[in-house]
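The chain contents come next:
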Amino acid sequence: MRFGDETRIAVAGAGSIGCYAGACLALGGRRVALLARSRVVDAVTGAGLAVRDLDGTQRHLPAGRVQAGADPAAVLVDADIVLVTVKSGATREMAGLIARHARPGTVVVSLQNGVANPAALRTGLGARHPVVAGMVPFNVVAAMPADGAPVFHRATEGTTLVDPVPEGLAAFLDVAGFPVSAAADMDAVLWGKLLLNLNNALNALSGLPLADELADRRWRRVLAVQIAEALGAMKAAGIRPARIGRLRPDLLPAVLRLPDPLFRRLARRMLAVDPAARSSMWEDLERGRPTEIDQFQGAVIALAERHGRAAPANRAVLAAIRRAERAGRGAPRLEPEAVLAQAAR
């Protein structure tokens, strides 16, 4: 399959990550259409959108440079590539929309959190569409002003990774602000990213910006015990998670438990986070939306159960998120001791 000037990209479920990726691709000369909620469509159609990189560089995409619509039939019908950026709970529904409206052979790329989405897309799409696993390592913070273009700011660093097949896909998607490379073992990459995603729930429970939460050893201890449980379950299952960032996965629990001054010295890049950045799960709680807790802590618990292991820390965090979802009052702003009482061993 060849990718070139006439290749059309549809971003399916263009929220923060999808709008950021789509805008970077359009600014890089790719032909892009966003499938998004009406609020995003209206903003982009009226004022365009802006992307701001981690170093503060901001670029504006004028209205008309990128198509945006809320009708799946209109956005998906001409797509050669569909980038799926919906939350995991909407994967099955999105697969149905792609199956109905996209041409056979359209390449479908999962740029979602969690380890199960590529398989869910393959189940929903069958042999009609090649499905590519992908992993976006960075956070995006969205600002949606009442007037003017929405701004999507990349708040952490990293290179997006995708399967090496089809050949040339990674190079075609690799543009300024949205670096993309191919990875030979995307299953390992997704499990490696899952280890880091276990912090999403802690950030949501704390209500703190990511940098402040990670700077607090008490929260890092909760994360460390969750990761240790996950690594034990993965070892029992024969899964070797890939390194995401500079630290080997097996070193993460020990580094996270270090005293704050030593942690700051050894993990400067982990703390190189925009001061405003929070996890997407925090945003879900604030907006009263279902979270992806089942795809993170839930996946660890399920893996541990299949191999006769316990995961009490992950169970405690999942239960705390479930209580926050039921309460419907936003992030509960817990102290780490409230979670450690159940999670720490």
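The model shown is predicted, which means the values in this text are computed figures rather than measured ones. (Residues numbered from 1 in each chain as written. Predicted model: local features only at pLDDT ≥ 70, side-chain atom pairs only at ≥ 80, totals over all residues. Heavy atoms only, no water.)

Colleague: Could you clarify how one ought to interpret the overall build of the chain in this entry?
Modeller: The helix and strand tally for the chain stands at 15 helices and twelve strands. Relative to the globule expectation of 20 Å for 345 residues, the C-alpha radius of gyration of the chain, 20 Å, shows essentially globular dimensions. Seen through its C-alpha atoms, the chain measures out along the principal axes to roughly 55 × 45 × 40 Å. In the chain, which comprises 345 residues, the proportion classed as buried is 52%. For the chain, long-range pairs separated by at least 24 residues make up 70% of all intrachain contacts whose partners lie at least 6 apart in sequence. Of the roughly 15,100 Å² of accessible surface on the chain, a fraction of 50% belongs to carbon and sulfur atoms. (Helix = DSSP H or I, 4+ residues; strand = E, 2+ residues; numbered from the N terminus. Rg over C-alpha atoms; globule rule 2.2 N^0.38 Å. Buried < 20%, exposed > 50% of the residue type's maximum accessible area, 1.4 Å probe, protein only. Contact = heavy atoms within 4.5 Å. Areas by Shrake-Rupley, 256 points an atom, 1.4 Å probe, with all protein chains shown as cover.)

Colleague: How should I be thinking about the environment of Ala331 in this particular structure?
Modeller: On the secondary structure map, Ala331 appears in the loop between α14 (312-327) and α15 (336-343). For Ala331, a relative accessible area of 4% puts it in the buried group. C-alpha of Ala331 to C-alpha of Thr45: the two residues are 286 residues apart in sequence and 32 Å apart in space. When residues no more than four places from it in sequence are discounted, the contact partners of Ala331 are Ala204, Gly207, Trp282, Leu285 and Glu286.

Colleague: How should I be thinking about the packing of aromatic side chains in this particular structure?
Modeller: Aromatic ring pairs: the centre-centre distance and the angle between the two ring planes describe each pair. Enumeration over the complete set of coordinates arrives at three aromatic pairs. Considering the side-chain rings of Phe3 and Phe172, the 5.7 Å spacing of their centres and the 25 degrees angle between planes classify their relative orientation as stacked. Here Phe3 is found in the segment before β1 (8-12), whereas its partner Phe172 is found in helix α6 (residues 169-173), with 169 residues between them in sequence. Both residues of the pair, Phe3 and Phe172, belong to the buried class. Consider the rings of Phe138 and Phe178, whose centres lie 6.3 Å apart with planes at 85 degrees: the pair is edge-to-face. With Phe138 in the loop between β8 (131-135) and β9 (140-143) and Phe178 in the loop between α6 and β12 (180-182), the pair connects residues that are 40 residues apart, well separated along the chain. For the residue pair Phe138 and Phe178, the accessibility class agrees, reading buried in each case. Through a chain of ring-to-ring contacts, the aromatic side chains of Tyr20, Phe138 and Phe178 assemble into a single cluster. Looking at Arg154, its charged tip hangs above the ring of Phe138, at a distance of 5.1 Å from the centre. (Phe/Tyr/Trp six-rings, centres within 6.5 Å; stacked < 30°, edge-to-face > 60°. Lys NZ or Arg CZ within 6 Å of the ring centre and 35° of its normal.)

Colleague: I would appreciate a short explanation of the pattern of salt bridges in the present structure.
Modeller: It is possible for side chains of opposite charge to pair when their charged atoms get near one another. Per the stated rule, a full pass over the model turns up 16 salt bridges. Residue Arg103 pairs with Asp80 through a salt bridge whose shortest N-O separation is 2.6 Å. In this pair, Arg103 is assigned in the loop between α4 (91-101) and β7 (107-110) and Asp80 in the loop between α3 (72-76) and β6 (81-84), connecting sequence segments 23 residues apart. Classification of Arg103 by relative accessible area gives partly exposed; the value is 36%. (Salt bridge = Lys/Arg side-chain N within 4 Å of Asp/Glu carboxyl O.)

Colleague: Is there a simple way to think about the nonpolar core in this case?
Modeller: General note: in soluble globular proteins, nonpolar side chains tend to be found buried as a group. Ile227 and Ile321 are the most contacted members of the largest nonpolar core, which totals 42 residues. The set of elements that each furnish at least two residues to this core consists of α7 (186-206), α9 (217-237), α10 (252-256), α12 (280-286), α13 (297-306), α14 and α15. With nine residues, α9 is the single largest residue contributor to this core. For Ile321, the contacting residues outside a window of four places in its chain are Ala201, Ala204, Leu205, Met281, Leu285, Thr291 and Ile293. In terms of nonpolar packing, the next biggest core, distinct from the first, is built from 39 residues, Ile9, Tyr20, Val51 and Val180 among them. (Core = buried A, V, L, I, M, F, W, Y, C linked by side-chain atoms within 4.5 Å.)

Colleague: Where do I start with the environment of Asp147 in this structure?
Modeller: Within the secondary structure layout, Asp147 lies in the loop between β9 and β10 (151-154). For Asp147, a relative accessible area of 70% corresponds to the exposed category.

Colleague: Got a minute to help me understand α14 in this structure?
Modeller: For an α-helix, 3.6 residues make a turn, and residues three or four places apart therefore share a direction. The terminal C-alpha atoms of α14 lie 23 Å apart, and with 16 residues this matches the ideal 22 Å at 1.5 Å per residue to within 8%. Looking only at α14, the buried set comprises Ala313, Asn314, Ala316, Val317, Leu318, Ala320, Ile321 and Ala324. Looking at the residues trailing α14, positive phi occurs at Gly328, about 65 degrees. (Expected span 1.5 Å × (residues − 1).)

Colleague: Looking at this structure, how should I read the packing of α9 against α13?
Modeller: Packed helices, taken two at a time, are described by the angle their axes make and the gap between the axes. Where α9 meets α13, the axes come as close as 9 Å, and the angle between the chain directions of the two elements is 45 degrees. As summarised for this structure, α9 and α13 are arranged oblique, according to the angle between their axes. Here α9 and α13 pass one another in a crossing that is left-handed. Residues Gln226, Ala230, Ala233, Met234 and Ala237 of α9 form the contact with α13, whose own contacting residues are Gln297, Val300, Leu303 and Ala304. For the contact of α9 with α13, a count of residues per class yields seven nonpolar, two polar and no charged. (Axes fitted to C-alpha atoms, helices over the stretch in contact; angles between N-to-C directions. Parallel < 35°, antiparallel > 145°, perpendicular 65-115°, else oblique. Left-handed = near helix turned anticlockwise from the far one by under 90°. Nonpolar A, V, L, I, M, F, W, Y, C, P; charged D, E, K, R; others polar.)

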